[in-house]
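Summary of the model geometry
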Amino acid sequence: MDIFSKIAAGEIPSYKCAENEEFYAFLDINPLVKGHTLVIPRREVDYIFDMDDDEIGRYEQFAKRVAVAIKKAFPCRKVAQVVLGLEVPHAHIHLIPMQSEADVDFRREKLKLTEEEFKEIATKIREEFV
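Some points on the overall build of the protein
Scanning the protein from terminus to terminus reveals 3 helices and 5 strands. Each helix (α) and strand (β) of the protein, taken in turn from the N terminus, gives the series α-β-β-β-α-β-β-α. Taking 130 residues into account, the globule formula puts the C-alpha radius of gyration at 14 Å, and the protein, at 14 Å, falls close to it. Within the protein, the fraction of its 130 residues that count as buried is 45%. Here the contacts in the protein between residues at least 6 apart in sequence split such that 57% fall between residues at least 24 apart. Carbon and sulfur atoms make up 51% of the accessible area of the protein, which totals about 7,500 Å². Each charge sign in the protein was given a centre, from 19 positive and 25 negative side chains, and these centres are 6 Å apart.

See the structure below:
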């Protein structure tokens, strides 16, 4: 079981933003901006394009609902969707509130947030998730 599967199963703590039986959304612990969220399938799949068409459709619909909640919780111009990452062999979408494209530069310094700040951010997104 990979680290993201353990997070979705509750074996590793996370700052949960949203979930259903197939997908799980939680805060990135090295965020670019407040509200930076990861969305994963509960099923272990390494590469997003290995998902079948119906599953990837449901995945994107779930991610869209999370993005809408993020935008309400953290008003921004757009919520970026980024699919990248080779370090964890589990498909994941980064949802990042952005005012400019610079907000989505993964080379920039990550925010250092307290546990209380993470909890507050996750709660705001959960409350907006419909």
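Still to come is the rest of the account.
Section: the sheet that holds strand 5 (residues 93-98)
Read across the sheet, 5 strands follow the order 1-2-3-5-4 without closing on themselves; strand pairing throughout is antiparallel. Two strands in the sheet have a free side with no partner beyond their single neighbour: strand 1 (16-19) and strand 4 (78-82). Ignoring which end each strand starts from, the neighbouring axes of this sheet average 20° apart. Pairing between strand 4 and strand 5: 5 bridges, direction antiparallel.

Regarding the environment of Pro75
Here Pro75 lies in the loop between helix 2 (53-73) and strand 4. For Pro75, a relative accessible area of 63% translates into the label exposed. On a C-alpha basis, the gap between Pro75 and Ala9 in space is 30 Å, while along the polypeptide they are 66 residues apart.

Procedures and definitions
Residues numbered from 1 in each chain as written. Predicted model: local features only at pLDDT ≥ 70, side-chain atom pairs only at ≥ 80, totals over all residues. Heavy atoms only, no water. Helix = DSSP H or I, 4+ residues; strand = E, 2+ residues; numbered from the N terminus. Rg over C-alpha atoms; globule rule 2.2 N^0.38 Å. Buried < 20%, exposed > 50% of the residue type's maximum accessible area, 1.4 Å probe, protein only. Contact = heavy atoms within 4.5 Å. Areas by Shrake-Rupley, 256 points an atom, 1.4 Å probe, with all protein chains shown as cover. Lys, Arg positive; Asp, Glu negative; His and termini not counted. Charge placed at Lys NZ, Arg CZ, Asp CG, Glu CD. Pairing = 2+ DSSP bridges. Axes fitted to C-alpha atoms, helices over the stretch in contact; angles between N-to-C directions.

So, to be careful, I would describe these as geometric facts and stop short of saying anything about function.
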